[in-house]
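If you want the building blocks of each chain, they are given just below.
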Amino acid sequence: VQLQASGGGLVQAGGSLRLSCAPSGRTFSRYVMGWFRQAPGKEREFVAAITWSGGNTNYAESVKDRFTISRDNAKSTVYLQMNSLKPEDTAVYYCAAVYGRGIPTSTHDYDYWGQGTQVTVSS
């Protein structure tokens, strides 16, 4: 599975961005999809994940009620809608995929990674 993330950019605090991730190569619909982020000098951290059916989601506490993960299996695309952005959301955002069930939150649980897209939130 190859992952291509897009949609990052520069936005003012309080603004919104929508990230997209388009896997290719295998049957997208059977993969759990996740978003992670990594700020300079920090570990990569979990942001959100969604099951292959889209029926279940999980979010980091820091983004809950501000970010929404969704997927469109017909378009083979997963989205991360980010609202009420804060300067501390500034990071490189990565999408990740793993085949199977559950909603893993550890980087070690994902098998495939995209190249990342930069999100910068100015104060």
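Below: a short report on this structure. (Residues numbered from 1 in each chain as written. Predicted model: local features only at pLDDT ≥ 70, side-chain atom pairs only at ≥ 80, totals over all residues. Heavy atoms only, no water.)

**Examining the environment of Tyr99**
- Among the structural elements, Tyr99 can be located in strand 9 (residues 91-99).
- Using a relative accessible area of 57% as the deciding quantity, one classes Tyr99 as exposed.
- Residues Tyr99 and Ser122, spaced 23 residues apart in sequence, show a C-alpha to C-alpha distance of 36 Å.
- Excluding anything up to four places from it in sequence, Tyr99 contacts Arg30 and Tyr31. (Helix = DSSP H or I, 4+ residues; strand = E, 2+ residues; numbered from the N terminus. Buried < 20%, exposed > 50% of the residue type's maximum accessible area, 1.4 Å probe, protein only. Contact = heavy atoms within 4.5 Å.)

**Regarding the side chain of Thr77**
- Its place among the elements puts Thr77 in strand 8 (residues 77-82).
- For Thr77, the side chain forms a polar contact with the main-chain oxygen of Lys75, separated by 2.9 Å.
- Setting aside anything within four residues of it in sequence, one finds Thr77 in contact with Ser20, Cys21, Ala22, Phe28, Ser70, Arg71 and Asp72. (Polar contact = N/O pair within 3.5 Å; in protein donor to acceptor, adjacent residues only side chain to side chain.)

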